[in-house]
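# Analysis of the macromolecular model
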Amino acid sequence: MEFRKSRIEDIPEMMEIVRQAQEYFKSKDIDQWQDGYPNEENLRGDIEADESYVMLLDGKIVATTAISFRGESTYDKIYEGNWLSDGKYGVVHRVAVSNEHKGKGLSHEIMKFSQNMCKELGYNSIKIDTHRDNFVMRGLLEKNGFEYCGVILLEDGAERVAYEKVF
């Protein structure tokens, strides 16, 4: 397994993995990624911002994520709790693993990769948000040492539960 920066030509494979995640959420009645997000434009923006990564197994893309170090305006206010730290932080977005490789621990590897990037760049905190009903992601975060911090509001007003890990 290896990680590399995503390239524009990876978008079709990345979108297929995203579509699989969207279908999974729909089948579980989770109202996350059901409104056309993320789409090709979001992935292209991540790539152009140098924040998009893919995981490869035997040369094939099996997972995708975005890791940002620009801050997140929707994290400026947190409700029903507090962030663990006030300093600079990394943010993980758009984690998706192909159906063919679910249950193999790849999401844990994405979390480790993200944390290692933060540490290498001198950041001591990583934050992430997810849908309240996305218990798979919430469990993944807790198993990887993230702590529940409260609720944030997306730009469209939708609530998300927020987590942080400080190292």
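Here goes a summary of the coordinates provided. Residue positions are counted from 1 within each chain, in the order its sequence is given. Local features in a predicted model are, by the rule used here, given only for residues with pLDDT of at least 70; side-chain atom pairs are given and counted only at 80 or more, and totals for whole chains, interfaces and linings are based on all residues. To obtain the side-chain values, all non-hydrogen atoms of the structure were included, while hydrogens and water were left out.

Think of it in three bands: with a 1.4 Å probe and only protein chains considered, a residue is buried below 20% of the maximum accessible area for its type, exposed above 50%, and partly exposed in between. Working definition: helices are DSSP H or I runs of at least four residues, strands are E runs of at least two. Numbering for both runs from the N terminus. Within strand β2 (residues 52–57), five of the six residues are buried, leaving the element largely enclosed by the surrounding structure. Between β2 and strand β3 (residues 60–68), which pair antiparallel in sequence order, lie two residues; one of them, Asp-58, sits at a positive phi of approximately 50 degrees. Here, any two strands with at least 2 DSSP bridges between them count as paired.

It is worth spelling out the sheet that holds β2 at this point. Within a sheet, neighbouring strands are paired by backbone hydrogen bonds and run either parallel or antiparallel to one another. One open sheet accounts for seven strands, arranged β1-β2-β3-β4-β5-β7-β6; its pairing is mixed. Unpaired on one side and paired on the other, β1 (2–5) and β6 (147–153) mark the two borders of the sheet. For this sheet, the mean inter-axis angle between neighbouring strands, taken without regard to orientation, is 30 degrees. Direction of pairing for strand β5 (residues 125–130) relative to strand β7 (residues 159–166): antiparallel, over a ladder of six bridges. In the sheet register, Ile-126 faces β7, and the bridge partner there is Lys-165. Each axis is a line fitted through C-alpha atoms, and for a helix only the stretch in contact is used; angles between axes span 0 to 180 degrees, taken between their N-to-C directions.

On to helix α3 (residues 106–120). Since the α-helix turns once every 3.6 residues, residues separated by three or four places project in the same direction. Helices are assigned an expected span. That span is 1.5 Å times one less than the residue count. Here α3 contains 15 residues, and its C-alpha end-to-end distance of 21 Å stays within 8% of the 21 Å for a straight helix at 1.5 Å per residue. Listed in full, the buried residues belonging to α3 are Leu-106, Ile-110, Met-111, Phe-113, Ser-114, Gln-115, Met-117 and Cys-118. Trailing α3 by a residue or two, Gly-122 shows a phi angle of about 85 degrees, which is positive.

Moving on to helix α4 (residues 135–143). Buried within α4 are the following residues: Met-137, Arg-138, Leu-140 and Leu-141. One side of α4 holds all its buried residues, which, seen down the axis, span an arc of 160 degrees. Across from the buried face of α4, at angles greater than 90 degrees, the exposed residues are Phe-135, Val-136 and Lys-143. A contact between two residues is defined here by any heavy atoms of the two lying within 4.5 Å. Against the buried residues of α4 lie β4 (90–97), α3, β5, β6 and β7. Looking one or two residues beyond α4, the residue adopting positive phi is Gly-145, at roughly 85 degrees. This arc corresponds to the set of directions leading from the helix axis out to the C-beta atoms.

For the rest of this paragraph, the subject is the side chain of Thr-74. Here Thr-74 shows up in the loop between β3 and β4. Judged by its relative accessible area of 12%, Thr-74 falls in the buried class. Among all residues touching Thr-74, those that are not within four sequence positions of it are Ile-152, Leu-153, Leu-154 and Glu-155.

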